[in-house]
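Understanding the architecture of this molecule
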Amino acid sequence: MPSLHEVCGQSPTIVLDAASARVQVGMVQADGTGQWQCSTDESGVAIFKCLDRLGVPPDQVAAWIFCEGPGSILGVRTVAMALRTWGVLRRSPVYGYGSLALVAHALGRRDVSVIADARRDTWHHFTLEGGLRRVATDQLAGEMVIPENFRHWSTPPPHLTQVPYRLADLLPQVSHADLLRETDAPDAFLHEEPSYLTWKPQIHRAPVR
């Protein structure tokens, strides 16, 4: 897996992150520093507004880096859809990274779990030693943090601490970490592929008396 330092040799490199309620778009250098635009607008508006403020047309971007989650599924998939569309204009490489892995590497503490809501009383759970998995609320233990502006629906565990999720501060701390993966099909992270039941059509009949 490449690092930010390796990927950002191509210029301009654009980072798109809509995993939280605060959309962040940046033109980033190899050391993780760069120019940033942020917005709390709906992701379908925010990413285009922020990119426009940076003054970088999509067909001039040399490489894209995006957050594939966990986080807002709508936000991540909106970014993924935009990347697939822009890929028609110019075939630039696309790299994904995990939001919780980013925070964990920036913290640099193996005794801390970074979590985010996974719905249905379960949580995305990342540690530097165990990686990413899904955990039920009653199985959460130890010191835990959640990135700021990440929405949650399940009742959070007690003593959960919120930590900043500002890419302008986080990326310079992890510029040499192996956090990125190249993808030809940008999409939101899933623990497993969805399964579907086959629907068998039936003619409606009146009940037999």
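Residues numbered from 1 in each chain as written. Predicted model: local features only at pLDDT ≥ 70, side-chain atom pairs only at ≥ 80, totals over all residues. Heavy atoms only, no water.

For the rest of this paragraph, the subject is the packing of aromatic side chains. What the rule picks out here adds up to 3 aromatic pairs. Ring centres of Trp64 and Trp86 lie 4.8 Å apart, and the angle between their planes is 15°; this geometry places the pair in the stacked category. Linking Trp64 in strand S4 (residues 63–67) with Trp86 in helix H3 (residues 73–89), this pair joins segments that are 22 residues apart in sequence. The interplanar angle of 80° and the centroid separation of 5.1 Å between the aromatic rings of Phe150 and Tyr165 together place this pair among those described as edge-to-face. Pair noted here: Phe150 is in the loop between strand S9 (143–147) and strand S10 (161–163) and Tyr165 is in the loop between S10 and helix H5 (167–170), with a separation of 15 residues, a long-range link. Here the two residues Phe150 and Tyr165 agree in accessibility, since each one is buried. (Phe/Tyr/Trp six-rings, centres within 6.5 Å; stacked < 30°, edge-to-face > 60°. Helix = DSSP H or I, 4+ residues; strand = E, 2+ residues; numbered from the N terminus. Buried < 20%, exposed > 50% of the residue type's maximum accessible area, 1.4 Å probe, protein only.)

We now examine the environment of Ser72. Counting through the fold element by element, Ser72 comes out in the loop between S4 and H3. When the C-alpha positions of Ser72 and Ala188 are compared, they lie 9.0 Å apart, and in sequence the two are 116 residues distant. What Ser72 contacts, discounting residues up to four positions off in sequence, is Ala18, Ala19 and Arg151. Within polar-contact distance, the side chain of Ser72 engages the backbone nitrogen of Gly75 at 3.0 Å. (Contact = heavy atoms within 4.5 Å. Polar contact = N/O pair within 3.5 Å; in protein donor to acceptor, adjacent residues only side chain to side chain.)

Another aspect to go through is the sheet that holds strand S7 (residues 122–127). Here 5 strands make up an open sheet; going across it, the order is S8-S7-S6-S9-S10 and the pairing mixed. Each edge of the open sheet carries a strand with a single partner, namely strand S8 (131–136) and S10. Between one strand and the next, the sheet's axes are offset by a mean angle of 40°, whatever the strand orientation. Bridge analysis of strand S6 (residues 112–117) against S9 gives 3 bridges, and the strand direction is parallel. Residue pairing for S9: Val114 is matched across the bridge by Val145. Where helix H4 (residues 99–107) meets the sheet, its contacts fall on S6, S7, S8, S9 and S10, and the angle it forms with S6 comes to roughly 155°. (Pairing = 2+ DSSP bridges. Axes fitted to C-alpha atoms, helices over the stretch in contact; angles between N-to-C directions.)

A word on the sheet that holds strand S5 (residues 94–97). As summarised here, the arrangement of the 6 strands in space is S3-S2-S1-S4-S5-S11, forming an open sheet in which the pairing is mixed. Whereas interior strands pair on both sides, the edge strands pair on one side only; in this sheet they are strand S3 (34–39) and strand S11 (181–182).

Our next topic: H4. For H4, a buried count of 7 out of 9 residues is recorded, marking the element as mostly surrounded by other parts of the structure. Taken together, the buried positions of H4 are occupied by Ser99, Leu100, Ala101, Leu102, Val103, Ala104 and Ala106. Gly108 sits one or two positions beyond H4 and adopts a positive phi of about 70°.

Core analysis: the biggest nonpolar cluster contains 41 residues, and Val15, Ile65, Tyr97, Leu102, Tyr165, Leu167 and Leu171 have the highest contact counts within it. Secondary-structure elements contributing two or more residues to this core are helix H1 (4–7), S4, S5, H4, S6, S7, S9 and H5. Ranked by residues supplied to this core, first place goes to H4 with 6 residues. Here Val15 is in contact with Gln24, Val25, Gly26, Val28, Trp36, Ile65, Tyr97, Leu167 and Leu171, once residues within four sequence places are set aside. By size, the runner-up hydrophobic cluster in this structure holds 20 residues, among which are Leu16, Cys50, Val56 and Trp86. (Core = buried A, V, L, I, M, F, W, Y, C linked by side-chain atoms within 4.5 Å.)

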